[in-house]
Amino acid sequence: MAEPLLKIENLHAYYGESHALQGVSLEVNEGETVTLLGRNGAGKTTTLRSIIGILDDRRGSIRFRGQELVGLPSHKIGRAGIGYVPEERGIFASLTVDENLLLPPRVADGGMSVAEIFELFPNLEERRSSPGTKLSGGEQQMLAMARVLRTGARLLLLDEPTEGLAPVIVQRIGEVIAMLRGKGFTIILVEQNFRFAAKLADRHYVMEDGHVVDTFPNSALEEKSEALHKFLGV
Amino acid sequence: MFGVPAQALYGQILLGLINGSFYALLSLGLAVIFGMLNVINFAHGALYMLGAFAAWFALNLFGIDYWWSLLLAPLVVGLVGAVIERVFLARIKNLDHLYGLLLTFGLALIIEGGFRHVYGSSGQAYGTPEELRGAVNLGFMIMPKYRGWVVIASLIVCFATWFIIEKTRLGAYLRAATENPKLVQAFGINVPLMITLTYAGGVALAGFAGVLAAPIYQVSPLMGTNLIIVVFAVVVVGGMGSIMGSIVTGYMLGVLEGLTKVFYPQASSIVIFVIMAVVLLARPAGLFGRGD
Ligand SMILES: Nc1ncnc2c1ncn2[C@@H]1O[C@H](COP(=O)(O)OP(=O)(O)O)[C@@H](O)[C@H]1O
Ligand SMILES: [Mg+2]
């Protein structure tokens, strides 16, 4: 069997004294969409931050296309072809929508053109010259996703893309993720809403207190739902 | 007007514009550096002096003329800045901002002290370039050519800097990295390198101001110390970190200082500090500051 696209082994991550990830291991194969489920504070965001290197106080191994990422500065990780959509969206207030969109450099061939992106997110085109943070929450989320689709990155880290958004926008974002999955992107999706995740994912990881406590294919979601209720506290 | 001869009035406005040119160039560099590094660069005055000395050395040791110095001295000062950033500032970037201030203050003392040790505190003359000697009659006043040139050169450099930061792709990186450096880096941009270049660019502006100043003021080890105190007041009035704010405030306060010399000379050396105090009371973030 080929090596997975991303292989994390025994990952530990720290915020100063606080030991946020305590030996996380997980794998994502090329073209797969996996979710990280788990209640607030479980370590989902920290896992994504450790992969992309925003959190650099980390130990263990993160291999992407066979390359070790632990120890690399974050810009080299971004250049390796990983697109990050942070939980707080990270839209820049002092940049226009256009400038936000064009900010991340292209890291590989095959990224979407600006025209294709505006076809996907027509709202953004009308707001091209507005300051990024003048957009609504949903538009900011779309911009945060659009931004990494331009770059040619094939592994996307999406941190709660539907958090706090209205149902129609959640649905739209769901459609976009499904489309990306259809195009062969590899996606790690952090979600609180596993009903939403169930429609999109191939596999799920469940996190708790800085550990991965369970993993199962999407087909097993129904039989796992009781255990999930306990872990997600819903 | 008010019994003040027009010639004196225009003369002081011109002087104010010249001082304002230096305030603007220097506070602009401070603003750029502060925005990106969160460091209040107390070495700025010393690096301005270094720019003037670089021009003086270039002329006296190598026969390099003013125009070349205008280009080369900022490069030299920028290079010194890059070394300072890599060797010192990069190492303390995770500490409290006060450490950056203390470190650059210490560097200023060392650089200025070193030059004073060798050159004393008296100044070295630097001749006005031939092309800019003499004066032109503007009709309402006689203007020495070099002074006019200082204002024009400073305006061009200030607005070019503003343009780069506000209107170009590179500037978008800078603005974004000022807001959220980690995210910009995660996108694949070498932010640590950008920080080094920003510091180098900011102090190169000071070096450029130093060369402009050389023919007007003398080239002396302490030429930066007095000036920089006023420049910090300008920065406080304009709002730390605002690009256009520091340019506009620089010229505005220069002219205001000039006008004070005409109408109430006794107050001219303190007027900027009085304005600073008032602004601090009324708008602590500065006139153009975003206040966060
Ligand atoms: N910036 C931070 N500084 C210190 N601790 C943090 C920080 N961010 C998260 N943590 C802690 O790390 C743990 C994991 O948080 P996080 O990864 O954000 O969880 P999740 O995304 O699953 O809600 C939590 O205990 C949280 O309090
Ligand atoms: Mg989170």
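All values derive from a computational prediction rather than experimental measurement.

J.: When you look at the site of ligand 1 in this model, what are you seeing that I'm missing?
T.: Residues and elements named next belong to chain A. Around ligand 1, a shell composed of Tyr15, Ala20, Arg39, Asn40, Gly41, Ala42, Gly43, Lys44, Thr45, Thr46 and Arg49 is seen. In this structure, Gly43 approaches ligand 1 through a main-chain N or O atom, which is 3.0 Å from an oxygen atom. Here an oxygen atom of ligand 1 and a side-chain polar atom of Thr45 are 2.7 Å apart. The greatest single-element share of the shell around ligand 1, amounting to 4 residues, is contributed by helix α1 (residues 44–52). Residue classes in the shell around ligand 1 are distributed as 3 nonpolar, 5 polar and 3 charged.

J.: Before we go on, may I ask you to explain the side chain of Asn19 of chain B in this structure?
T.: Residues and elements named next belong to chain B. Position of Asn19 among the secondary structure elements: in helix α1 (residues 6–37). Separated by 2.9 Å, the side chains of Asn19 and Tyr217 make a polar contact. Residues in contact with Asn19, not counting those within four places in the same chain, are Tyr217, Glu257 and Lys261.

J.: It is not clear to me how the nonpolar core should be interpreted in this structure. Could you clarify?
T.: Taken as a class, soluble globular proteins show a tendency for nonpolar side chains to be buried jointly. Ranked by size, the top nonpolar core spans 153 residues in total, and within it Ile188 of chain A together with Phe22 and Leu212 of chain B carry the most contacts. When residues of this core are assigned to their parent elements, the largest contribution, 13 residues, is made by α1 of chain B. Ignoring any residue separated from it by four or fewer positions in sequence, one finds Leu212 of chain B in contact with Phe22, Leu25, Tyr66, Leu70, Tyr146, Trp149, Val150, Ala153 and Ser154 of chain B. Of all hydrophobic cores here, the second largest spans 10 residues; its members include Leu37, Phe194, Val206 and Phe216 of chain A.

J.: Mind showing me how you'd approach empty space enclosed by the protein here?
T.: Empty space among the atoms becomes visible once a probe the size of a water molecule is rolled across them. If you walk through the whole model with that rule in mind, you get 2 cavities of 30 Å³ or more. Approximately 70 Å³ is the volume attributed to the largest cavity. Forming the walls of the largest cavity are Gly78, Ile82, Gly83, Tyr84, Pro104, Pro105, Val107, Val148, Thr151 and Ala153 of chain A together with Ala186 and Phe187 of chain B. When residues in the lining of the largest cavity are grouped by element, the largest group, 3 residues, is from strand β6 (residues 82–85) of chain A. Looking at the lining of the largest cavity residue by residue, the classes come out as 9 nonpolar, 3 polar and no charged. Volume-wise, the second largest cavity comes out at about 30 Å³. Taken together, Val206, Asp214, Phe216, Lys224, Ala227, Leu228 and Phe231 of chain A make up the full set of residues lining the second largest cavity. Those elements that place two or more of their residues in the lining of the second largest cavity are β10 (211–217) and α9 (221–232) of chain A. With 4 residues, α9 of chain A is the single largest residue contributor to the lining of the second largest cavity.

J.: Would you explain the coordination of the magnesium ion (ligand 2) in this entry?
T.: Ideal donor angles around a metal are set by the shape: a four-donor tetrahedron calls for 109.5 degrees, a six-donor octahedron for 90 or 180 degrees. Residue and element names in this part refer to chain A. Ligation of the magnesium ion (ligand 2) by protein atoms is provided by Thr45 (OG1) and Glu87 (OE), these donors lying 2.0 to 2.5 Å from the ion. Of the two residues, Thr45 is situated in helix α1 and Glu87 in the loop between β6 and α3 (97–102); the sequence distance between them amounts to 42 residues. We classify Thr45 as buried; its relative accessible area is 14%.

Procedures and definitions
- Residues numbered from 1 in each chain as written.
- Chains lettered and ligands numbered in written order.
- Predicted model: local features only at pLDDT ≥ 70, side-chain atom pairs only at ≥ 80, totals over all residues.
- Heavy atoms only, no water.
- Near = heavy atom within 4 Å.
- Polar contact = N/O pair within 3.5 Å; in protein donor to acceptor, adjacent residues only side chain to side chain.
- Helix = DSSP H or I, 4+ residues; strand = E, 2+ residues; numbered from the N terminus.
- Nonpolar A, V, L, I, M, F, W, Y, C, P; charged D, E, K, R; others polar.
- Contact = heavy atoms within 4.5 Å.
- Core = buried A, V, L, I, M, F, W, Y, C linked by side-chain atoms within 4.5 Å.
- Buried < 20%, exposed > 50% of the residue type's maximum accessible area, 1.4 Å probe, protein only.
- 1 Å grid on protein atoms, 1.4 Å probe; cavity = no way out; pocket = protein on both sides within 12 Å on 5 of 7 lines; lining within 4 Å.
- Points joined across faces, edges and corners; volume = space filled by probe spheres on them.
- Donors = N, O, S within 2.8 Å, 3.2 Å for Na, K, Ca; no water.

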